[in-house]
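If you want the building blocks of each chain, they are given just below.
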Amino acid sequence: MSASSLSEPSLLRDLDTRAFELTETGRDWLVDRPLQALGYLALAIVLRLVLHKLIDRFTRNNVGKSPTLLRPLRERSSSTVKGAILNERRKQRANTIGSVLKSAVSVMILTWFVLSVLDVVGVNVAPFIASAGIVGVALGFGAQNLVRDFLSGIFMLLEDQYGVGDVVDLGEATGTVESVGLRVTTIRDVNGTVWYCRNGEVLRVGNMSQGFAVAVLDLPVSHTANIDEARAVAERTTLTVVESKDFADDILEPPEMLGVNAVSADTVTIRITIKTRPGRQWAVQRRLHQEILQAFDDADIKAPYALGRPGGVVAERGS
């Protein structure tokens, strides 16, 4: 037998083996790996849809009930706040928290999907994970204010420090809350000016719409006036006003006459306090100031006449 006849079977076997290897490689790259990637894609889509549905279910504002997500959290809104304002507050709070959860879920699923596909095609994902950590640290240092705003907004929502419709004092801005976001809170003051306050810059919050409020009346009278008579007239007038139908639902406790609160060179100040519903203290104060001023005039109780000075009757009437 010739050498050429001996080499032909081995050559054919080599060709068959090489063709089989090429077939297996092509099947791996054209069928198996694409199918794995499609499987990961389908799983990612299903997971995202299911988790988003669960978040929507927990943040849905049912009629007459708080969203399920908010029930374990502390509700700071006053029991006197009812109707559309309270529903809007709960709805906005739940929607904002739900939006954050949805975004976090989407980012985590997308990251997992990309890393899984890269692993399928044979790419070493360890350097990507290390690089992502470095990039995250760099972004954290570069966007500290933005991160602080978002974190402050999340904790503010979880703690329910204030909501839509509350009257708050944020330091530089005081007014009614119109919208609450993760980064910015919008407030409209008494002059109609809209203030955009970054949540990360809010160092303190004074909420005038939680629990109850106190109407404080400081009544200035002259040193020559009869203080006991002034106290009696003021207390009698206050009781008449708070027992009227106009403020029957706004007064939570009987008024308290504290007596002389301050004495200056030309003024004796008498203080009265009344516990009211949140947000109604200013209306009660305005009405009582008007009625007590008229009662003092009728009883000839002298005011500290110092025209043009802060303690004078002109300043008091103008307030």
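On a predicted model such as this, the values are computed, not experimentally measured, just so you know.

The next thing to look at is the overall build of the protein. A tally of helices and strands in the protein yields seven helices and eight strands. Expressed as a percentage of the 319 residues in the protein, the buried residues total 31%. Across the protein, every contact between residues at least 6 apart in sequence was considered, and the portion connecting residues at least 24 apart equals 66%. By element, 59% of the accessible surface of the protein is carried by carbon and sulfur atoms, the whole surface being about 19800 Å².

Here, the residues flagged by UniProt with the feature "transmembrane region" (unreviewed entry) are residues 37–55, 99–118 and 124–147. From the first C-alpha to the last, residues 37–55 spans 27 Å; its make-up is 100% helix and 0% strand. Between the C-alpha atoms that bound residues 99–118 there is a distance of 29 Å. The span itself is 100% helix and 0% strand.

Before going further, it helps to examine the packing of helix α5 (residues 227–242) against helix α6 (residues 281–298). A packed helix pair is summarised by two numbers, namely the angle formed by the two axes and the spacing between the axes. Running from amino to carboxyl end, α5 crosses α6 at an angle of 135 degrees, the nearest separation of the two axes being 9 Å. Relative to α6, α5 is oriented oblique. Between α5 and α6 lies a crossing of right-handed hand. Contacts between α5 and α6 involve Ala230, Val233, Ala234, Thr237, Thr238 and Val241 from the first element and Arg287, Leu288, Glu291, Ile292, Ala295 and Phe296 from the second. Here the residues of the contact of α5 with α6 are counted per class, giving eight nonpolar, two polar and two charged.

Here the focus is the packing of aromatic side chains. This structure, assessed with the given rule, holds one aromatic pair. Taken together, a centroid distance of 5.6 Å and an interplanar angle of 85 degrees make the contact between Tyr40 and Trp112 edge-to-face. A residue pair is termed long-range when its members are at least 10 positions apart, and Tyr40 in helix α1 (residues 3–59) and Trp112 in helix α2 (residues 84–120) qualify at 72 residues.

Judged by nonpolar contacts, the single largest core of 24 residues is most densely connected at Leu219, Val221, Ile274 and Phe296. Of all the elements, α6 adds the most residues to this core, at six residues. Counting 14 residues, the second largest nonpolar core, distinct from the first, contains Leu157, Tyr162, Val168 and Val202.

Attention shifts here to the pattern of salt bridges. One pass over the full model with this rule turns up 13 salt bridges. Among the ionic pairs, Asp218 bridges to Arg271, the shortest N-O distance being 2.7 Å. Pair noted here: Asp218 is in strand β6 (residues 213–221) and Arg271 is in strand β8 (residues 268–276), with a separation of 53 residues, a long-range link. Across the pair Asp300 and Lys302 runs a salt bridge, and its minimum N-O distance is 3.0 Å.

Below, the discussion takes up the side chain of Ser222. Mapped onto the secondary structure, Ser222 falls in the loop between β6 and α5. Residue contacts for Ser222: discarding those within four places in its chain leaves Ile227, Asp266, Lys302, Ala303 and Pro304.

In spatial order, the strands read β6-β8-β7; together these three strands make up an open sheet with antiparallel pairing. Two strands lie at the open edges of the sheet, namely β6 and β7 (256–263), each paired on one side alone. On average, each strand axis in the sheet is tilted by 25 degrees relative to the strand beside it, whichever way the strands run. Two strands pair when backbone bridges link them, and β7 and β8 are joined in this way by six bridges, in the antiparallel orientation. Considered in β8, the bridge of Gly259 is made with Arg271. Packed on one face of the sheet, α5 meets β6, β7 and β8 and runs near 20 degrees to β8.

Averaged over every residue, the pLDDT of the protein is 79; the share at 70 or more is 73%. Confidence drops under a pLDDT of 50 for residues 1–6, and excluding neighbours within four residues, the segment shows one contact in the predicted structure. For the stretch residues 306–319, pLDDT sits under 50, and the model shows 16 contacts to residues farther than four places along the chain or on other chains.

Attention now moves to unusual backbone geometry. One non-glycine residue, Asp160, adopts positive backbone phi at about 55 degrees. Checked against the element boundaries, Asp160 lands in the loop between α4 (144–159) and β1 (167–169). If you check the backbone angles, Asp300 has positive phi at about 55 degrees while not being a glycine. Tracing the chain through its elements places Asp300 in the loop between α6 and α7 (313–318).

Calculation rules
- Residues numbered from 1 in each chain as written.
- Predicted model: local features only at pLDDT ≥ 70, side-chain atom pairs only at ≥ 80, totals over all residues.
- Heavy atoms only, no water.
- Helix = DSSP H or I, 4+ residues; strand = E, 2+ residues; numbered from the N terminus.
- Buried < 20%, exposed > 50% of the residue type's maximum accessible area, 1.4 Å probe, protein only.
- Contact = heavy atoms within 4.5 Å.
- Areas by Shrake-Rupley, 256 points an atom, 1.4 Å probe, with all protein chains shown as cover.
- UniProt positions renumbered as here; feature names shortened; annotations may be inferred.
- Axes fitted to C-alpha atoms, helices over the stretch in contact; angles between N-to-C directions.
- Parallel < 35°, antiparallel > 145°, perpendicular 65-115°, else oblique.
- Left-handed = near helix turned anticlockwise from the far one by under 90°.
- Nonpolar A, V, L, I, M, F, W, Y, C, P; charged D, E, K, R; others polar.
- Phe/Tyr/Trp six-rings, centres within 6.5 Å; stacked < 30°, edge-to-face > 60°.
- Core = buried A, V, L, I, M, F, W, Y, C linked by side-chain atoms within 4.5 Å.
- Salt bridge = Lys/Arg side-chain N within 4 Å of Asp/Glu carboxyl O.
- Pairing = 2+ DSSP bridges.
- pLDDT = per-residue confidence, 0-100.

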